[in-house]
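# Understanding the architecture of this molecule
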Amino acid sequence: MRINEIANAQEQLELLRLIIDNTWSAVKQQADIQSRQLATKPRTTKPKAPKQAIRIPTPPKPKPLPKPTLTPQQQAKHQQLQQNQLVNQLHTAITKSQSPNSINPKRDTEMGSATPKF
C-alpha cells in the first residue's frame, strides 16, 4: 500500500516533515552522546611513543646472468667489424688532415700528370 492511497498531499507533507524531524533529532542525540564521551576521557599529558615500523624482509637481489660467450664464427665477425671501424676512422682522420686545395706532388708525378682530370 502506498502513502498516496491513504493520505492527501497535505498529510503526505506532514508525514515527511515528521520523519525528517525525528531523524535529525536522533542524529543530534548521537552527536551529543559522542561529544560527552570524548569530554570525559582523561587526556594524557605525555605523547605516546610512535609505533616502530615493521620491516618486511626483502629477498636478496638475484645474481647477474653470465655474459654470453661468442662462437668462433661470431668472434671472427666481431673482429672483422672492429677492424673495418678502425680503417674507417683512420681514413676519415687522414682525409681531414689533408686540405682539399693542396696537391701532393709525389702522387701527381706517379700518375704522370701534374693536373687532375675530371
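Look above for the structure.
The text that follows walks through the structure, step by step, so that each part is easy to find. (Residues numbered from 1 in each chain as written. Predicted model: local features only at pLDDT ≥ 70, side-chain atom pairs only at ≥ 80, totals over all residues. Heavy atoms only, no water.)

Moving on: the overall build of the protein chain. Looking only at helices and strands, the protein chain has four helices and zero strands in total. Its helices and strands in sequence order give the protein chain the pattern α-α-α-α, from N to C terminus. When the 118 residues of the protein chain are sorted by exposure, 2% land in the buried category. When the accessible area of the protein chain is evaluated, it comes to approximately 12900 Å², of which 59% is carbon and sulfur surface. (Helix = DSSP H or I, 4+ residues; strand = E, 2+ residues; numbered from the N terminus. Buried < 20%, exposed > 50% of the residue type's maximum accessible area, 1.4 Å probe, protein only. Areas by Shrake-Rupley, 256 points an atom, 1.4 Å probe, with all protein chains shown as cover.)

This paragraph deals with the pattern of salt bridges. Within this structure, the stated rule accounts for one salt bridge. Of the charged contacts, one joins D32 and K28 as a salt bridge, the two residues approaching to 3.8 Å between their closest N and O atoms. Separated by four residues within a single helix, D32 and K28 lie in helix 2 (residues 9-40), roughly one turn from each other. Note on D32: relative accessible area 30%, which makes it partly exposed. A relative accessible area of 52% means that K28 is categorised as exposed. (Salt bridge = Lys/Arg side-chain N within 4 Å of Asp/Glu carboxyl O.)

Geometric values such as these leave the question of function open.
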